[in-house]
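# Summary of the model geometry
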Amino acid sequence: MPEVTEAELAALMQGMTEQQKMLFLSQYNAAKKDRNIALILSVVLGTMGIDRFYVGDVLLGVLKLFTAGCCLIWWIVDWFLIMGRVDEYNRQKAREIAQLVKGFPSTGEQKAHEPQMPESPSPQVPQPSIPSSAPMPIQPPPMPAQLESLPANLTVWLEVVQGPNAGQRLFVLKPISVVGRSSESDIQIFEPSVSRKHFRLRFERGQFWLENESAQGTYVNGQPVAQWHPLKDGDYIQAGRVVLQFRMRGRT
């Protein structure tokens, strides 16, 4: 069975808003399984059923565990089947996530249900195109400058879209804020998939920037951040299995 193609993902994203597409890609990238990892697990630990546990086949994994890979026969058979099972798992997971995301309200629908906050007019920002799986070009770090304080009329927060306490607003109160699982982080997220210090937010020259600090990587709108990346209101940030939306009200 061939791998999930970009055409298949594009077909699942038909009818989604740009925000929903970004959310779908973020969740799919976090949930999908890797064919090569599955094959390595099958060859090295297949007699214990670890490969089948990896793709969610718990009953078959238990059977292989207690029968030594069904007397080694199923262990060898899975060398040829496991990557196809990964593709099947990824397709099923993509369909499930697409159904969930299509029921998730877009930014405009969310605003209709939340109190309106006074907002100064800002220039229209064109919507980004559908993200690809290629890494973002490396962005140069901000030029050294004296640390700025946040403007008094600026309110900035991270809204939890997926993860613990979904819907919670995590307010950014400092010009440099570390986001992670550690209690030493400025913004703490209690989720095992989030690194102790996962990423850093920095306000400089009227612009918020994101810097990845995790070996797992940080994604903005479904694309991995290579180094520094500028943020704008409405961007989706993925750290582990947690998806946050960067929100900003007021003028910088």
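In the block above lies the structure referred to throughout.
Residues numbered from 1 in each chain as written. Predicted model: local features only at pLDDT ≥ 70, side-chain atom pairs only at ≥ 80, totals over all residues. Heavy atoms only, no water.

## Details of the sheet that holds strand β11 (residues 242-249)
Pairing in this open sheet of six strands is antiparallel, and the strands run β2-β1-β11-β10-β7-β8 from one edge to the other. With partners counted over all chains shown, the strands left at the sheet margins are β2 (169-171) and β8 (223-224), one partner each. The strands touched by helix α2 (residues 18-31) are β1 (155-162), β10 (236-239) and β11; relative to β10, the strand with the most contacts, the crossing angle is about 10°. (Pairing = 2+ DSSP bridges. Helix = DSSP H or I, 4+ residues; strand = E, 2+ residues; numbered from the N terminus. Contact = heavy atoms within 4.5 Å. Axes fitted to C-alpha atoms, helices over the stretch in contact; angles between N-to-C directions.)

## Notes on the nonpolar core
In terms of nonpolar packing, the biggest core is built from 24 residues, with L158, F199, F208 and L244 touching the most fellow members. Contributions of two or more residues to this core are made by β1, β5 (199-204), β6 (207-212), β10 and β11. Tallying contributions element by element places β11 first for this core, with four residues. Dropping the residues within four chain positions of it, F208 is found in contact with L150, L154, V156, V172, R202, F203, H229, P230, L231, F246 and M248. Within the second largest apolar cluster, 15 residues are counted, among which are L23, Y28, I97 and V101. (Core = buried A, V, L, I, M, F, W, Y, C linked by side-chain atoms within 4.5 Å. Buried < 20%, exposed > 50% of the residue type's maximum accessible area, 1.4 Å probe, protein only.)

## So, helix α3 (residues 35-45)
Side chains of residues three or four places apart in an α-helix project in the same direction, reflecting 3.6 residues per turn. Buried within α3 we find A38, L41 and S42. Along the axis of α3, the buried positions cluster into a sector of 100°, meaning they face one direction only. Seen from the open side of α3, the exposed residues pointing more than 90 degrees away from its buried face are N36, I40 and V44. Buried residues along α3 sit in contact with α4 (50-54) and α7 (73-102). (Arc of directions from axis to C-beta.)

## A closer look at α7
Taking 1.5 Å as the rise per residue, α7 with 30 residues should run 44 Å; its terminal C-alpha atoms sit 43 Å apart, in good agreement. Along α7, the largest kink reaches about 55° and is centred on W79. (Expected span 1.5 Å × (residues − 1). Bend = angle between axes of the 7 residues up to and from the residue.)

## Here we look at the side chain of Q245
Here Q245 shows up in strand β11. The buried category is assigned to Q245, whose relative accessible area is 1%. Within polar-contact distance, the side chain of Q245 engages the backbone oxygen of G234 at 3.3 Å. (Polar contact = N/O pair within 3.5 Å; in protein donor to acceptor, adjacent residues only side chain to side chain.)

## Focus: the packing of α3 against α7
One way to put it is that α3 packs onto α7 with a least axis distance of 9 Å and a crossing angle of 160°. In terms of axis orientation, α3 runs roughly antiparallel to α7. The hand of the α3/α7 crossing is right-handed. Together, R35, A38, L39, S42 and V43 of α3 and W75, D78, W79, I82, M83, V86 and D87 of α7 make up the contact between the two elements. (Parallel < 35°, antiparallel > 145°, perpendicular 65-115°, else oblique. Left-handed = near helix turned anticlockwise from the far one by under 90°.)

## Examining the pattern of salt bridges
Evaluation of the coordinates by the stated rule reveals 19 salt bridges. A salt bridge links D57 to R52, with the nearest nitrogen and oxygen atoms 2.8 Å apart. Judged by relative accessible area, D57 falls into the buried class, the value being 16%. A salt bridge links R241 to E191, with the nearest nitrogen and oxygen atoms 3.0 Å apart. You can see R241 sitting in the loop between β10 and β11 and its partner E191 sitting in the loop between β4 (187-188) and β5, a full 50 residues away along the chain. With relative accessibility at 48%, the residue R241 sits in the partly exposed group. When salt bridges that share partners are traced, they join D51, R52, D57, K64, D78 and R85 into one network. (Salt bridge = Lys/Arg side-chain N within 4 Å of Asp/Glu carboxyl O.)

## Brief notes about the sheet that holds strand β9 (residues 228-231)
Taken in spatial order, the five strands of this open sheet run β4-β3-β5-β6-β9, and their pairing is mixed. The two strands at the open ends of the sheet, each matched to only one other strand, are β4 and β9. Relative to β9, β6 runs antiparallel, the two sharing four bridges. Residue pairing in the sheet places W209 in a bridge with P230 of β9.

## Some thoughts on the packing of aromatic side chains
To describe a pair of aromatic rings, one takes the distance between the centres and the angle between the planes. Enumeration according to the criterion identifies five aromatic pairs in this entry. Geometrically, the ring pair formed by W75 and W79 is edge-to-face, given 5.1 Å between the ring centres and 85° between the ring planes. Pair noted here: W75 and W79 are both in helix α7, with a separation of four residues, about one helical turn. Taking the centre distance of 5.0 Å and the plane angle of 55° together, the rings of F203 and F208 count as tilted. Here a set of aromatic residues connected by ring pairs shows up, and it is made of F203, F208 and F246. The ring of Y54 carries the charged tip of K33 above its face, separated from the ring centre by 4.9 Å. (Phe/Tyr/Trp six-rings, centres within 6.5 Å; stacked < 30°, edge-to-face > 60°. Lys NZ or Arg CZ within 6 Å of the ring centre and 35° of its normal.)

Shape is all these values report; function is a separate question.
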